Each structure stands twice: as structure tokens, then as C-alpha cells.
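Chains, contacts and geometry: an overview
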Amino acid sequence: EGELFALDGDDGNLIWTYRSQGVPVVFPTADDGRGFLATEYELHCADAQSGKAVWRYSVGPNVISNLAVRGPQLIVVRGGQDAISDTISLDVRTGDLLWDAVSGDTTGKTNLFATNEDVYMCGIDFLRALSVESGAPSLESELRGVLPETVTITESCVVAGTEARKVYCLEE
């Protein structure tokens, strides 16, 4: 059973606890008065003031990315072992599906970074981007040994380091 909880910033006392039926698979995130939790089969949204459920969305097994919030969207990659993965975008207010896009052969952990125009996905040997408005591909790059934790997004390029101690700057 997964729990999302709020603590008082002044004294650390527990304010509320939201309990899910599943096991959390990535760190939760929060934005604009809502807390988001990904469990093995569902995405959960809880009100940040009360801890009450706002919505749930069934994603099936294998959430393989962190949760990325971009304005009115919650974006996540699902897929995994021997499966073609897909990236989904949900309305943060309602949990309604906004778009669903094939992400390719992404079987391992994927790091997401959302900007005003694109959502970037980085995993072992790849860096991809999809339009946040439609899910359409906007960048595809094969980078051998890319280190997902090194990816940085600037106004004009995406910077990524590799195991071979090379740094790439890919123009948006």
C-alpha cells in the first residue's frame, strides 16, 4: 500500500495521509495544489490541502519514468520488459487523457524533463522529445552511453554527457 502525506512546514506534524491500493514505483510530485503518486497500476491525484482523492487513472503495469508536470499536464512513460513504451499526458484537474504517443523501444528507466514546448525522455543510449501539445516526435537522437542524470535543458539546446566523457549540445 502506498502513502502520500503532508507535513506541517513549521513543526513537522502530520497533516493528512492519502492511501493507495498499490505500491509506489517512482517519487511523487506536487504542483498547483495537487499531489501526484504513481503506483504499479494507477496514477493518483490528491488535493494538497485535504489529502482527498481528486482522480485516479489506470496505467497498467510498468510506469518507467518519473512524473513530469507541465502546466495543466501530468506526463509519464509506461512500458517495460520487451514492450514498446508509450508516453501519456493527462489533464491534472480531471485525470482525462489528453494524448497517448508511442515512445519507442524503451524498456528501462526513463527520465522525463518537461519544457514549454517539449517533453524530453532520456534513457540508456537515447534522447527523445515529444511535443507537449500533441505527443508528436520533435527530436530523436541515439547517444551511446548517455548519462540521464547529466541532461540539462537550456533555451536553445539540450546538453547531455556520456560514459565516454563526451558532452553533446543538441539544438532544439
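Residues numbered from 1 in each chain as written. Predicted model: local features only at pLDDT ≥ 70, side-chain atom pairs only at ≥ 80, totals over all residues. Heavy atoms only, no water.

The helix and strand tally for the chain stands at zero helices and 17 strands. Relative to the 2.2 N^0.38 estimate, which gives 16 Å for 172 residues, the radius of gyration of the chain is 17 Å and therefore close to what a compact globule would have. Here the chain holds 172 residues, and 47% of them are scored as buried. Considering only intrachain contacts with a sequence separation of at least 6, the fraction spanning at least 24 residues in the chain is 31%. Accessible area of the chain: about 9,300 Å², with a carbon and sulfur share of 48%. Side chains of the chain carry 12 positive and 27 negative charges; the gap between the two charge centres is 2 Å. (Helix = DSSP H or I, 4+ residues; strand = E, 2+ residues; numbered from the N terminus. Rg over C-alpha atoms; globule rule 2.2 N^0.38 Å. Buried < 20%, exposed > 50% of the residue type's maximum accessible area, 1.4 Å probe, protein only. Contact = heavy atoms within 4.5 Å. Areas by Shrake-Rupley, 256 points an atom, 1.4 Å probe, with all protein chains shown as cover. Lys, Arg positive; Asp, Glu negative; His and termini not counted. Charge placed at Lys NZ, Arg CZ, Asp CG, Glu CD.)

If you trace the three strands from one edge of the open sheet to the other, you get E15-E16-E17, paired in antiparallel fashion. Each edge of the sheet is formed by a strand with only one pairing partner; in this case those strands are strand E15 (152–153) and strand E17 (167–171). Sheet analysis places E15 next to strand E16 (residues 157–161), joined by two bridges and oriented antiparallel. Note that in E16 the partner of Ile 153 across the bridge is Val 158. (Pairing = 2+ DSSP bridges.)

Let's shift gears to the pattern of salt bridges. Tallying each qualifying case throughout the model produces six salt bridges. Residue Glu 42 is joined to Arg 56 by a salt bridge in which the shortest nitrogen-to-oxygen separation is 3.6 Å. Placement of Glu 42 in strand E5 (residues 42–47) and of Arg 56 in strand E6 (residues 53–58) is noted, with a sequence separation of 14 residues between them. Note that Arg 78 and Asp 86 form a salt bridge whose closest N and O atoms lie 3.0 Å from each other. For Arg 78, a relative accessible area of 15% corresponds to the buried category. Taking the relative accessible area as the measure of exposure, Asp 86 reaches 14% and is therefore buried. One continuous salt-bridge network, built from bridges that share partners, spans Arg 78, Asp 86 and Asp 100. (Salt bridge = Lys/Arg side-chain N within 4 Å of Asp/Glu carboxyl O.)

This paragraph deals with the pairing of strand E2 (residues 14–19). Of the pairings in the sheet, the one linking strand E1 (residues 3–7) to E2 comprises five bridges and is antiparallel in character. Considered in E2, the bridge of Ala 6 is made with Trp 16. Counting the residues in the hairpin turn of E1 and E2 gives six residues, including Gly 12, whose phi is positive at 80°.

Okay, the packing of aromatic side chains next. The tally for this structure, following the rule as stated, stands at one aromatic pair. Their ring planes at 45° and their centres at 6.2 Å tell us that Phe 36 and Trp 55 sit as a pair that is tilted. Placement of the pair is Phe 36 in strand E4 (residues 34–38) and Trp 55 in strand E6, with a sequence separation of 19 residues. Comparing Phe 36 with Trp 55, the two get one shared label, buried. (Phe/Tyr/Trp six-rings, centres within 6.5 Å; stacked < 30°, edge-to-face > 60°.)

What the four strands build is an open sheet, ordered E11-E12-E13-E14; its pairing is antiparallel. Edge positions in the sheet fall to strand E11 (111–114) and strand E14 (137–141), since each has one partner strand and no second. Neighbouring strand axes in the sheet, compared pairwise and without regard to direction, differ in orientation by 15° on average. Note: strand E13 (residues 126–131) against E14, four bridges, orientation antiparallel. (Axes fitted to C-alpha atoms, helices over the stretch in contact; angles between N-to-C directions.)

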